[in-house]
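Letter by letter, the chains look like this.
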Amino acid sequence: MINNTLFSYTASTPSIDTELDLTVTGQKGIRELESTLSFSPSLPLYISARQTWLVFGAAVFLVTVPVFVEAPIVRSLPSLSLALTAFWVWLSFTLMSRAGTYVWGDLLFGFSWSWLAGAIYWGWLRWEPAWHLPVESIGLPFACWCLAKNWGKVGNWFYLGSLLGTVLTDVYFYIADLMPYWRQIMRVDADLAPQILQNALMQVQTPWGQSWAIFLALVLLTVGILPLVRKQRHWYAFSGAVLSTILVDSLFLLAAIAA
C-alpha cells in the first residue's frame, strides 16, 4: 500500500514540475514582452498621440457647436433643445459601452452638461445675464464627484474647461460693463441689434476694455496650453475647451465689427 502511494506521488511529480515550468515560462514571456514594449514604444505612443489630438479637435468642435447649432434651435424650439440632452446622454452611454469608442462617449457625456445648461439658459433665462453662470454650473457638483471617483475624466475635464472659459468671458463682461448691452440685445428687435453691438464694441475698444481683454486672453492661453505638456487625453479635452473660448469670443467680436 505504501509502495503504491509512493509510486502514485512519484508519477504525479513530473506533471507538477511541468505546470511550474509553464508558469515560469509564461511569466518570463510577459516580462520579456513588457521589456520589448518599453524599449520600442513607437507604435503605442503614435496611436496615443494621434488620439489625444483627435480629442483636442473634438473638444474645440463641441464648444463651438452650441454657438452655431444649439442657439438657433433654442430660440425657436427651446423644449426640443432641452429634450435633445437625453439623446446626447443616451448616445454617450452607447459609445461608452464599446471599448473602441469609449473615449468619444466619455467626451460626449461631458458635452451633454454644456448642452443642458445652454438649453435652459438661452431658452428661458437669456434676458438676465446674472443667471448665466449659475445655470452653466449646473453640472459642476456631478463633474467633481465623478472626478473624485476617477470616472469619466475626459468628459468631465472637458466640461470644466468649457465652464472656465465661460466664467472668464462673463467676468470680462462685468469688468468692461457690457452687461447692459447684453440685456438690451436680448429684448430688442433684430433690426436694432447692430446698433447695440456697435455701442458694445466702443466699450471694448476703450483702454480699460482692451487691457482686460488682453489679460484674460493671456490667462486663457496659459491655462489652455500648459496641460498639453502632460500628453493625456483628459487634459487635451480640457485644453481644447479652454482655448476654443478664445475662438468663440473672437467670432463674436468679428460679428460686432461687421455689424
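Here, every reference points to the structure presented above.
Since this is a predicted model, take the numbers as computed values, not measurements.

(A) Spotlight on the nonpolar core. Judged by nonpolar contacts, the single largest core of 18 residues is most densely connected at Leu107, Phe111, Val154, Phe158 and Ala237. Those elements that provide at least two residues to this core are helix 2 (42–76), helix 3 (78–96), helix 4 (102–125), helix 7 (153–175) and helix 11 (233–258). Ranked by residues supplied to this core, first place goes to helix 2 with 6 residues. Leaving out residues up to four positions away in the same chain, Phe158 has contacts with Ala59, Leu62, Val63, Leu107, Gly110, Phe111, Ser114, Ala237, Phe238 and Ala241.

(B) How the structure looks around the environment of Leu133. Tracing the backbone shows Leu133 in helix 5 (residues 132–136). For Leu133, a relative accessible area of 24% corresponds to the partly exposed category. When neighbours within four sequence positions are excluded, Leu133 is seen to be in contact with Thr166, Val167 and Asp170.

(C) Representation of the packing of aromatic side chains within the structure. Within the structure shown, the criterion is met by 22 aromatic pairs. Taken together, a centroid distance of 6.0 Å and an interplanar angle of 5 degrees make the contact between Trp122 and Trp182 stacked. Highlighted residues: Trp122 in helix 4 and Trp182 in helix 8 (residues 179–187), separated in sequence by 60 residues. For Trp122, a relative accessible area of 28% translates into the label partly exposed. With relative accessibility at 8%, the residue Trp182 sits in the buried group. Grouping aromatic residues by their ring pairs yields a cluster made of Phe93, Phe109, Trp113, Phe142, Trp145 and Trp151.

Conventions used here
Counting restarts for each chain, with residues numbered from 1 along the sequence as it is written. Owing to the predicted nature of the model, reporting of local features is limited to residues with pLDDT of at least 70; listing and counting of side-chain atom pairs is limited to 80 or more, with chain, interface and lining totals taken over all residues. Hydrogen atoms and water are omitted, and side-chain values are computed over all heavy atoms in the structure. What is meant by a nonpolar core is a set of buried Ala, Val, Leu, Ile, Met, Phe, Trp, Tyr and Cys residues, joined one to another through side-chain atoms within 4.5 Å. Burial here depends on accessible area, computed with a 1.4 Å probe over protein chains only, as a share of the maximum for the residue type. Under 20% is buried, over 50% is exposed, and the range in between is partly exposed. Each helix is a run of H or I in the DSSP string that is no shorter than four residues. Each strand is a run of E no shorter than two, and both are numbered from the N terminus. Pairs of residues are marked as contacts when any of their non-hydrogen atoms sit within 4.5 Å. Here the aromatic set is Phe, Tyr and Trp, taking the six-membered ring for Trp, and pairing holds for ring centres within 6.5 Å; pairs whose planes are under 30 degrees apart are stacked, those over 60 apart are edge-to-face, and all others are tilted.

Function cannot be read off these values alone, since they describe shape.
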